[in-house]
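# Residue-level structure breakdown
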Amino acid sequence: AAFCQEVQAENVTVVEGGTAEITCKLHQYDGSIVVIQNPARQTLFFNGTRALRDERFQLVDFTPKLVKIHLSNAKLEDEGGYFCQLYTEDTHHQIATLTVLVPPDNPVVEVKEQAVEGGQVELICSAPRTKPEATLRWYRDRRELKGVTSKQENIKTFSITNTIQFPVERRDNGEIITCEASHAALKGQKKQTQYVLDVQFSPTARIQPSQSLVREGDLLNLKCEVTGNPR
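Let me begin by describing the structure that accompanies this report. (Residues numbered from 1 in each chain as written. Predicted model: local features only at pLDDT ≥ 70, side-chain atom pairs only at ≥ 80, totals over all residues. Heavy atoms only, no water.)

## Focus: the state of the cysteines
When the sulfur atoms of two cysteines share a covalent bond, that bond is a disulfide. According to the stated counting rule, one finds 2 disulfides in the structure shown. Note on cysteine connectivity: Cys 125 is disulfide-linked to Cys 179, with sulfurs 1.9 Å apart. Judged by the sign of its S-S torsion, about -85°, the bond between Cys 125 and Cys 179 is left-handed. One end of the pair, Cys 125, is in strand β13 (residues 120-130); the other, Cys 179, is in strand β18 (residues 176-182), with 54 residues separating them in the sequence. Here the two residues Cys 125 and Cys 179 agree in accessibility, since each one is buried. Across the protein chain, the disulfide pattern expressed with sequentially numbered bonded cysteines is 1-2, 3-4. (Disulfide = S-S within 2.5 Å. Helix = DSSP H or I, 4+ residues; strand = E, 2+ residues; numbered from the N terminus. Buried < 20%, exposed > 50% of the residue type's maximum accessible area, 1.4 Å probe, protein only.)

## So, the sheet that holds strand β19 (residues 191-196)
The antiparallel open sheet is built from 4 strands, whose spatial order is β15-β14-β18-β19. The sheet terminates laterally at β15 (143-145) and β19, the two strands that pair on one side only. With strand direction ignored, the average angle separating the axes of adjacent strands in the sheet is 35°. With 6 bridges connecting them, strand β14 (residues 135-140) and β18 associate as antiparallel partners. Each bridged residue has a counterpart across the sheet, and for Trp 138 the counterpart in β18 is Cys 179. (Pairing = 2+ DSSP bridges. Axes fitted to C-alpha atoms, helices over the stretch in contact; angles between N-to-C directions.)

## Things to note about the environment of Gln 120
With respect to the helices and strands, the residue Gln 120 is situated in strand β13. For Gln 120, a relative accessible area of 48% corresponds to the partly exposed category. As for Gln 120 and Asn 47, which are separated by 73 residues in sequence, their C-alpha atoms are 67 Å apart. If we skip the residues at most four places from it in the chain, Gln 120 touches Gln 165, Phe 166, Pro 167 and Val 168. (Contact = heavy atoms within 4.5 Å.)

## Let's talk about the nonpolar core
If you look at the biggest cluster of nonpolar residues, it comprises 26 residues, and the most contacted ones within it are Leu 26, Val 34, Ile 36, Phe 57, Leu 71, Tyr 82 and Leu 98. Breaking this core down by element, the ones donating at least two residues are β1 (7-9), β2 (12-15), β3 (20-26), β4 (33-37), β5 (43-46), β8 (66-71), β9 (80-87) and β10 (91-101). With 4 residues, β3 is the single largest residue contributor to this core. Residues contacting Phe 57, with those up to four places away along its chain left out, are Leu 44, Phe 45, Arg 50, Ile 69, His 70, Leu 71 and Tyr 82. (Core = buried A, V, L, I, M, F, W, Y, C linked by side-chain atoms within 4.5 Å.)

## Details of the side chain of Thr 161
For Thr 161, the position within the fold is in strand β17 (residues 158-167). A polar atom in the side chain of Thr 161 sits 2.6 Å from the side chain of Ser 150. If we ignore the near neighbours within four places in the chain, the residues touching Thr 161 are Ile 124, Cys 125, Ser 126, Leu 136, Val 148, Thr 149 and Ser 150. (Polar contact = N/O pair within 3.5 Å; in protein donor to acceptor, adjacent residues only side chain to side chain.)

## Structural notes on the pattern of salt bridges
Side-chain pairing between opposite charges can occur once the charged atoms of the two side chains come close. Under the defined criterion, the tally for this structure stands at 18 salt bridges. Notably, a salt bridge pairs Asp 78 with Arg 56, separated by 2.8 Å at the nearest N-O pair. Taken as a pair, Asp 78 in the loop between β8 and β9 and Arg 56 in the loop between β6 (49-50) and β7 (57-62) lie far apart in primary sequence, 22 residues in all. Each of the two residues, Asp 78 as well as Arg 56, counts as buried. When the shortest N-O distance is used, the salt bridge between Arg 137 and Glu 144 registers 3.7 Å. For Glu 144, a relative accessible area of 35% translates into the label partly exposed. Where salt bridges share partners, they join Glu 21, Asp 61 and Lys 68 into one cluster. (Salt bridge = Lys/Arg side-chain N within 4 Å of Asp/Glu carboxyl O.)

What follows is the structure in structure tokens.
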């Protein structure tokens, strides 16, 4: 049997801190009462009149065909089903589900302990607060380094870490290692943090004469060149 919905609501996704647009389409509206409620079933608007004292909710459209609400500075606690109810002879309602995304900030990179030539370095990259969970990857010279990922679930968000270990020599000192975070809310863009390898290595000394051939009475300059980290 053909069924014509008196009221239609669409699901909405918004980034935390952004503005969500909650719309409710009306069919064959005859001037009956329209009520919009938040997920806690508190009435936001009653026939175009504000019912809840939350200025973040603004009624931007109220026509016989459409009710449109803007929610500014969206928060995680705003998530859930928004009820659009039309009180004709029988009650019609639809639920618009609001989802709030939390993109990662630039990831945080930490080193476990001081790297020394001939040893291992352990780097930890973390995205402390994301929703849904972010993906973390390591790169060195555009080559991906495989790490071990772990996640911790908080009340509504995820904390993600990716740990890598690899051997280091003196030539690795000053190399740049990059941790990259990707996330649905970033729309293809990436958040990156670079880490410059600090590898300690033992000193070497070299004597550099000012000239290879010296005559009697000439001034001879000798330069002692020492490399080492720390200096």
